[in-house]
Amino acid sequence: MAYILVLYHSSNGSVRNLAYEIADAIEQHGMEVKLRTFSAQQPQDIVVTKDDLIHCSALAFGTPTRFGMMAAQAKLFWETTSDIWLKGLLIDKPACVFSASSSMHGGNETTLLGLALPLLHHGMMLLGVPYDVPELASTQSGGTPYGATHVAGLNNSNTLSQHEIKICHAVGKRLATLTKKLL
Ligand SMILES: Cc1cc2nc3c(=O)[nH]c(=O)nc-3n(C[C@H](O)[C@H](O)[C@H](O)COP(=O)(O)O)c2cc1C
């Protein structure tokens, strides 16, 4: 069965909540989802295997913003994927990226661009958020053309705003719709 891999790291739940919203939208638009993490943070977490990545039809990939970059847990995993890269097993698969940060201008956009880099090296096709998603222009917190985000604030709240949720849904819908066309 074809599936979209929603692969993330989250310490405090913000990125997990983004992942769940994106996964919901993917399922609502007719694709199976495999939710995987890079390490077990919660009892329900299932840690990703290389086979999960090799056999996915598309990927949604997210981590928190850590000093403007991706979380180390994710980078460690990508550094084990050179065999997949050598065989070109991810070429032409659609993908999107998502992240959370505590401050609005604290590096979530640089993190999204950094998350995109290993995917581009693997030959994946990156999807952003187009401006026909109205919440992109009106959000007072997360949401960027490079991918869905959540701004957690100084109290580190992992509760997503309605705008952030709508942007996640638009991302999940777009990824599922395009992936189905390519199957
Ligand atoms: C080591 C570390 C570095 C961080 N660096 C940044 C940063 O550069 N900019 C920012 O706005 N927030 C930064 N944060 C805050 C996290 O990005 C924020 O709490 C995010 O919501 C965490 O996602 P999570 O709830 O999924 O773990 C950092 C947190 C940690 C622990």
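Conventions adopted
Residues numbered from 1 in each chain as written. Predicted model: local features only at pLDDT ≥ 70, side-chain atom pairs only at ≥ 80, totals over all residues. Helix = DSSP H or I, 4+ residues; strand = E, 2+ residues; numbered from the N terminus. Rg over C-alpha atoms; globule rule 2.2 N^0.38 Å. Buried ≥ 20, exposed ≤ 12 C-beta atoms within 10 Å, placed from the backbone. Contact = placed C-beta atoms within 7 Å. Pairing = 2+ DSSP bridges. pLDDT = per-residue confidence, 0-100. Right-handed = clockwise from strand over helix to strand, strands pointing away.

## Digging into the overall build of the protein
Counting its secondary structure elements, the protein contains seven helices and six strands. Listed N to C, the secondary structure of the protein is β-α-β-α-β-α-α-β-α-β-α-β-α in terms of helices and strands. For 183 residues, the compact-globule formula gives about 16 Å, and the C-alpha radius of gyration of the protein, at 15 Å, lands near that figure. Dimensions of the protein along its principal axes, counting C-alpha atoms only, are 40 × 30 × 30 Å. The 183 residues of the protein split such that 44% are buried. Sequence-distant contacts in the protein: of pairs separated by 6 or more residues, those separated by 24 or more amount to 74%.

## A few points about the pairing of strand S3 (residues 58-64)
Most of S3 sits out of view: seven of its seven residues are buried. As paired elements, strand S1 (residues 3-8) and S3 share five bridges and run parallel to each other. Looking at the pairing, Ile4 lines up with Ala58 of S3. Bridge count for S3 against strand S4 (residues 94-101) is six bridges, and the pairing is parallel. Across the sheet, Gly62 pairs through a bridge with Phe98, a residue of S4.

## Let's talk about the environment of Asn12
Take Asn12: it is sitting in the loop between S1 and helix H1 (14-28). Take Asn12: there are 15 C-beta atoms within 10 Å of it, and that puts it in the partly exposed class. Considering only alpha carbons, one finds Asn12 and Ala137, 125 residues apart in sequence, at a separation of 27 Å. Residues in contact with Asn12, not counting those within four places in the same chain, are Asn156 and Asn158.

## Things to note about the confidence of the model for the protein
The share of residues in the protein with pLDDT of 70 or more is 100%, and the mean pLDDT across the chain is 98. ipTM for the predicted complex: 0.99, alongside a pTM of 0.98.

## Remarks on unusual backbone geometry
Backbone geometry at Phe67 places phi at a positive 50°, although glycine is not the residue there. The residue Phe67 is located in the loop between S3 and helix H3 (72-78) in this model. The exposed category is assigned to Phe67, around which 8 C-beta atoms lie within 10 Å.

## Things to note about the pairing of S1
For S1, the tally of buried residues reaches five of six residues, placing the bulk of the element in the interior. Here S1 runs beside strand S2 (residues 32-37); their pairing, made up of six bridges, is parallel. Across the sheet, the residue bridging to Tyr3 is Glu32, located in S2. With H1 bridging S1 and its parallel neighbour S2, the resulting β-α-β unit is right-handed.

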